[in-house]
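Working through the structure, step by step
Given next are the chains, with one letter for each unit.
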Amino acid sequence: MSNTLTYEYYERSHQGNVRTHNEDSVLCKADTGLWVVADGMGGHEAGDVASQLIVSDLQTLSHRAYLSDFVDDVEDALLLANQKLRQYSVEKLNGLTVGSTVVSLIVRGSVGVALWAGDSRLYRLRGSTFEQLTKDHSEVQIQIDKGIITEEQAETSSIKNMLSRAIGAFDELDIDVNAFTIKEGDLLLLCSDGLYNELSSTELRSIMKTGNVSKVPDKLMSECLSKAAKDNVSFILLKAVL
């Protein structure tokens, strides 16, 4: 029996209950161990262009023998996408912001690496411990970090949707990177804010702990759509198995 972890995965994307267009894009590329959720912003011809460009560029990346080299490739691709979207904004949209958040997950055996910009998130459920492995690039998160507001106050803040980083939003971009271990049975959830703005961490954890992982994606989506679901909803769920 192999001692190497493999990954079951499921993807879902929905326009939600209010939006007429889905600006999210997802990528599942198991052959290179790469999964991505991108949440476009700026409306049709902007947000969907941005998220699709990101996943299209990442789709072309080839497998690399060394994890560190592949992490560099993903980061370089995201930085290049930022430049492309800045140029697209000037040439096609009169300088209108065209951008997207992105959260990407690379896995090799028992090692995971998250790379992200914006407020799309990666969570891990290990046993009963539900943990956010990314940190939002948002104005409210900056205020939380400075002690100006609490996390509870952030939920109703007037600047809740203001991002401090996103692909395409600014000339200069830093991609955050977090490397972590993965154990057999871990569940990993990449998602746009359309999911976690409707379902609390407690609700997400409760649904993900329901046993048969193949039933979790539809349960997450149906629970989300039973609420307001004002935004597009996209996520990828992975389970580490031996």
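It should be noted that the structure appears before, not after, this text.
From a predicted model like this one, the values you see are computed outputs, not experimental measurements.

1. A few points about the nonpolar core
Residues Leu34, Leu58, Val74, Leu78, Val102, Ile106 and Ile167 are the most contacted members of the largest nonpolar core, which totals 27 residues. Mapped by element, the contributors of at least two residues to this core are β3 (34–41), α1 (47–59), α2 (67–92), β4 (99–108) and β5 (111–117). The element best represented in this core is α2, accounting for seven residues. For isoleucine 167, the residues in contact, after removing those within four places along its chain, are Ile54, Leu78, Ala81, Asn82, Leu85, Val98, Gly99, Ser100, Val102, Ala117, Leu173 and Ile175. Of all hydrophobic cores here, the second largest spans 21 residues; its members include Phe130, Leu189, Leu204 and Val213.

2. Some thoughts on the pairing of β4
In the case of a regular strand, side chains alternate between the two sheet surfaces. Most of β4 is tucked away: 10 of the 10 residues are buried. Here β4 shows two buried faces, one formed by Gly99, Thr101, Val103, Leu105 and Val107 and the other by Ser100, Val102, Ser104, Ile106 and Arg108. The pairing of β3 with β4 spans eight bridges and is antiparallel. Following the sheet pairing, valine 37 is matched in β4 by valine 103. Sheet topology note: the β4/β5 ladder contains seven bridges and is antiparallel.

3. A word on the sheet that holds strand β10 (residues 233–241)
Ordered by their spatial adjacency, five strands build an open sheet running β1-β10-β9-β6-β7, and the pairing between neighbours is antiparallel. Both edges of this open sheet fall to β1 (6–14) and β7 (129–132), since each of them pairs with a single strand only. Geometrically, the sheet is characterised by an average inter-axis angle of 15° between neighbouring strands, direction not taken into account. Alignment of strand β6 (residues 121–126) against strand β9 (residues 187–191), held across five bridges, turns out to be antiparallel. The residue bridging leucine 122 from the neighbouring strand is leucine 190, located in β9.

4. Some remarks on the side chain of glutamate 198
Among the secondary structure elements, glutamate 198 is positioned in the loop between α5 (193–196) and α6 (201–208). The charged side chain of glutamate 198 is buried without a salt bridge, its nearest counter-charge being lysine 227 at 6.4 Å. Sequence-distant contacts of glutamate 198, defined by excluding residues within four places in its chain, comprise Glu203, Cys224, Lys227, Ala228, Ala229 and Lys230.

5. Details of the pairing of strand β2 (residues 24–29)
Most of β2 is tucked away: five of the six residues are buried. The turn joining β2 and β3, which pair antiparallel and follow one another in sequence, is formed by four residues; a positive phi near 70° is taken by glycine 33.

6. Focus: the packing of aromatic side chains
Applying the stated criterion across every chain, the model contains three aromatic pairs. Measuring from ring centre to ring centre gives 6.3 Å for tyrosine 7 and tryptophan 35, while their planes differ by 55°; the resulting arrangement is tilted. Linking tyrosine 7 in strand β1 with tryptophan 35 in strand β3, this pair joins segments that are 28 residues apart in sequence. Both residues of the pair, tyrosine 7 and tryptophan 35, count as buried. With a centroid separation of 5.5 Å and 65° between ring planes, the pair formed by tyrosine 9 and tryptophan 35 is classed as edge-to-face. Residue tyrosine 9 is located in strand β1, and its partner tryptophan 35 is located in strand β3; the two are separated by 26 residues in the primary sequence. Assessed through its relative accessible area of 34%, tyrosine 9 is described here as partly exposed. Put simply, the rings of Tyr7, Tyr9 and Trp35 pair up and form one aromatic cluster. Over the ring of tyrosine 196 we find arginine 121; its NZ or CZ atom is 3.5 Å from the centre of that ring.

7. A closer look at unusual backbone geometry
Both trends apply: most residues other than glycine have a negative phi, and most peptide bonds are in trans. Unlike most non-glycine residues, asparagine 94 shows phi in positive territory, near 55°. On the secondary structure map, asparagine 94 appears in the loop between α2 and β4. The backbone of alanine 229 shows a phi angle near 45°, a positive value even though the residue is not glycine. Inspection of the secondary structure puts alanine 229 in the loop between α7 (216–225) and β10.

Cut-offs and rules
Residues numbered from 1 in each chain as written. Predicted model: local features only at pLDDT ≥ 70, side-chain atom pairs only at ≥ 80, totals over all residues. Heavy atoms only, no water. Core = buried A, V, L, I, M, F, W, Y, C linked by side-chain atoms within 4.5 Å. Buried < 20%, exposed > 50% of the residue type's maximum accessible area, 1.4 Å probe, protein only. Helix = DSSP H or I, 4+ residues; strand = E, 2+ residues; numbered from the N terminus. Contact = heavy atoms within 4.5 Å. Pairing = 2+ DSSP bridges. Axes fitted to C-alpha atoms, helices over the stretch in contact; angles between N-to-C directions. Lys, Arg positive; Asp, Glu negative; His and termini not counted. Salt bridge = Lys/Arg side-chain N within 4 Å of Asp/Glu carboxyl O. Phe/Tyr/Trp six-rings, centres within 6.5 Å; stacked < 30°, edge-to-face > 60°. Lys NZ or Arg CZ within 6 Å of the ring centre and 35° of its normal.

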